[in-house]
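# Fold and contact review
Chain residues, written in single-letter form:
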Amino acid sequence: MEVFEAISQRRSIRRFKTEDVDESLIEKIIKSGVWAPSAGNLQSWELILVKNAQTREKLSEAAYLREFIAKAPMVMIPCVNLRVSGGVYGKRGAELYSLQDVSCAVENMLLMAHAMGLGACWVGAFNEQQVIELLEIPDHIRPVALIPMGYPDEKPYPPPRRDLEDLLHFERY
Ligand SMILES: Cc1cc2nc3c(=O)[nH]c(=O)nc-3n(C[C@H](O)[C@H](O)[C@H](O)COP(=O)(O)O)c2cc1C
């Protein structure tokens, strides 16, 4: 699949088939995340992979009852490790670079998943404390998203995008 085609045709998927995702595909998706750029190549992110149905149910509760999270065969929880980039770059590393690192990695994973016929959705609206307790996440790790993933059972219409004139500034703001 051509890169722009993958980028423009990827959609947030919120309805999944029950079919499990093959381990080899999951590995390829995670490796795509690993190849993302990161500040100082510190790769200050980690990933929790949840397949257990009860845990998925609880994750869906933590995300204010978004049922598609429980219905997806797996949920990825990308996290930042605050000690890694923070340890080298201080406040900017902990508060900015680590979030940029993980976002680059997640976008790579979303695109790879799409290119292999899978679907996923970045869910940012969740109770962080509930997820931390449920997944026994230590203090220096922060979960940044819940990403249900599986074979799509819908083909959403592309939501509109802004015109370039709205966001592009030449030479100065
Ligand atoms: C930071 C971030 C947070 C998001 N949070 C949610 C969310 O809580 N629930 C949800 O259903 N979708 C969420 N989304 C998905 C967006 O709604 C979606 O990307 C946007 O509407 C564009 O649609 P598309 O991904 O199909 O192009 C989030 C996406 C991002 C990048």
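Residues numbered from 1 in each chain as written. Predicted model: local features only at pLDDT ≥ 70, side-chain atom pairs only at ≥ 80, totals over all residues. Heavy atoms only, no water.

### Considerations on the pairing of strand E2 (residues 74–81)
For E2, the tally of buried residues reaches 8 of 8 residues, placing the bulk of the element in the interior. Where burial is concerned, the two faces of E2 agree: the one with Met-74, Met-76, Pro-78 and Val-80 and the one with Val-75, Ile-77, Cys-79 and Asn-81 are both buried. By the bridge criterion, 6 bridges tie strand E1 (residues 45–50) to E2 in an arrangement that is antiparallel. Note that in E2 the partner of Val-50 across the bridge is Val-75. Pairing between E2 and strand E5 (residues 147–150): 3 bridges, direction antiparallel. Each residue of the ladder has a partner; that of Met-76, found in E5, is Ile-147. Both E2 and strand E4 (residues 141–143) contribute to a ladder of 3 bridges, which runs antiparallel. (Buried < 20%, exposed > 50% of the residue type's maximum accessible area, 1.4 Å probe, protein only. Helix = DSSP H or I, 4+ residues; strand = E, 2+ residues; numbered from the N terminus. Pairing = 2+ DSSP bridges.)

### Some thoughts on the nonpolar core
Across soluble globular proteins, you tend to see nonpolar side chains buried next to one another. By size, the foremost hydrophobic cluster in this structure holds 22 residues, and its most contacted members are Val-21, Ile-29, Met-76, Leu-118, Ile-147 and Met-149. Taken together, the elements giving at least two residues each to this core come down to helix H2 (23–34), E2, helix H5 (82–115) and E5. When residues in this core are grouped by element, the largest group, 6 residues, is from H5. If near-sequence neighbours (up to four positions away) are discounted, Met-76 is found in contact with Ile-26, Ile-29, Ile-30, Leu-47, Ile-48, Leu-49, Met-109, Ala-145, Leu-146, Ile-147 and Met-149. (Core = buried A, V, L, I, M, F, W, Y, C linked by side-chain atoms within 4.5 Å. Contact = heavy atoms within 4.5 Å.)

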